[in-house]
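One letter stands for each residue in the lines below.
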Amino acid sequence: MIEFIFTIDYEIYGNGEGSLRELVYEPAKRLMEIFEKWNAYFVTFVEVAELEIIEASNSDQAITFVKHQIHDFYDKGFEVGLHLHPQWYNGKYENGKWQLDYEEYNLCILPLDRIKQIITRSVEYLRDLLGVADFTPFSFRAGNWLFQPTHNVGKVLVDHGVKVDSSVFKGGLQHQYKLDYRRALKNDYYWHFADDVNVPNPQGTLIEFPIYTKMVPLWKLATAKRIGLQRKVPTRIQNGQQRLLRILDFLRPYHPLKFDFCRMTMSELIHILGNEIRQDQKDPNLFRPIIAIGHTKDLIDFDTVDSLLLYLRKNEIPISTFRAIYHKCNFS
Ligand SMILES: [Zn+2]
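Given the structure is predicted, the values throughout are model-derived calculations rather than measurements.

Engineer: Which residues make up the coordination of the zinc ion, and what values do they have?
Structural biologist: With distances of 2.1 to 2.5 Å, the protein atoms coordinating the zinc ion are E11 (OE), E11 (OE), H83 (NE2) and H85 (NE2). The site at the zinc ion holds four donor atoms, and with the angles between them running 56 to 124°, its shape is irregular. The sequence pattern describing where the donors of the zinc ion fall on their chain is E-x71-H-x1-H. Separated by 74 residues along the polypeptide, E11 in the loop between β1 (2–10) and α1 (20–37) and H85 in the loop between β3 (79–84) and β4 (92–94) bring together distant segments of the chain. Exposure class is identical for E11 and H85. Each is buried.

Spelled out as structure tokens, the structure:
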């Protein structure tokens, strides 16, 4: 049995460039309209750190619309998850540009007290924004998918009542940040975990629902659509060592292609789903949640999103949220 979960990372570009209206508010508004037409929901992973700091610096007037929009998502029943790029918290806005604190890029390697401070602050911002004093995000996604080493952040999330993570993309490898999700290729569609998000542990409180990936040869990543969207992304200047580490990531025959509903073409999406549907027909008792990812800043091709929703409906695949499927997967 397949259920499909759309997740959207709600944020501007990683270095702070670009406007909230263009990269967040407007695309999210159109996405919500499409989903309302289909009577369906997505999970919005709200990048809380940038919103708080943009608001405090008064650098983008659209923050008011963005905050209303998040409230609207919540009121209408969309799942509001927590997404964090901690480099924003010490960010400074100078001469129209953001100087972010890349020493705090990976939440997982910060001291435990700092992790607690950041997660508490981000949850409080959401509570304040939603006007719900005990709001707890049900799900979490780490910035740049960095959820290793897992132990401390996992524990703090559990202490806050978070139930689900969706940071892993099976087969993922980033030498620069010591991210290695290759071990997860052996895992099922979802798993409990504790000390290492890669390793299933039935005693763990959190459940991982990984972003769906397929391992493909490098050339298959190079569609015109994906290259076009990647070109728009302003990149941080990398030093020689960082460039070398990035090259190392690509020195292997197969690479994870994420199920990205903003970057994939319709034929790629259908190809993957067709395979899953055939597998499911052979073994319909296995529960197969499929987690798709998208980014508001990449949302340009709304026709493909609409066609994907039509395809799912025609194939009678329910469109769900983490909160809605959790009871089927929690055996602890
Ligand atoms: Zn992000």
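Engineer: How would you sum up helix α6 (residues 224–232)? Please name residues and give values.
Structural biologist: Where α6 is concerned, the buried positions are K225, R226 and L229. Buried residues of α6 fall within an arc of 95° about the axis and therefore sit on the same side. α6 presents A224 and R231 as exposed residues on the side facing more than 90 degrees away from its buried surface. On the buried face of α6, the contacting elements are β13 (254–258), α8 (266–282) and α9 (302–314).

Engineer: So what's going on with the pattern of salt bridges? Residues and values would help.
Structural biologist: Overall, the coordinates contain 15 salt bridges when judged by the stated rule. R21 is paired through a salt bridge with E26; the nearest N and O atoms lie 3.3 Å apart. Overall, E26 belongs to the partly exposed group, its relative accessible area being 34%. A salt bridge links E33 to K29; the nearest nitrogen and oxygen atoms lie 3.7 Å apart. On the criterion of helical spacing, the pair formed by E33 and K29 is a turn pair, its members being four residues apart in helix α1. Taking relative accessible area as the criterion, E33 reaches 43% and is therefore assigned partly exposed. Several salt bridges converge on common partners, so that one network encompasses E36, D72 and K76.

Calculation rules
- Residues numbered from 1 in each chain as written.
- Predicted model: local features only at pLDDT ≥ 70, side-chain atom pairs only at ≥ 80, totals over all residues.
- Heavy atoms only, no water.
- Donors = N, O, S within 2.8 Å, 3.2 Å for Na, K, Ca; no water.
- Tetrahedral: all angles 85-135°; square planar, octahedral: opposite > 155°, others 65-115°.
- Helix = DSSP H or I, 4+ residues; strand = E, 2+ residues; numbered from the N terminus.
- Buried < 20%, exposed > 50% of the residue type's maximum accessible area, 1.4 Å probe, protein only.
- Arc of directions from axis to C-beta.
- Contact = heavy atoms within 4.5 Å.
- Salt bridge = Lys/Arg side-chain N within 4 Å of Asp/Glu carboxyl O.

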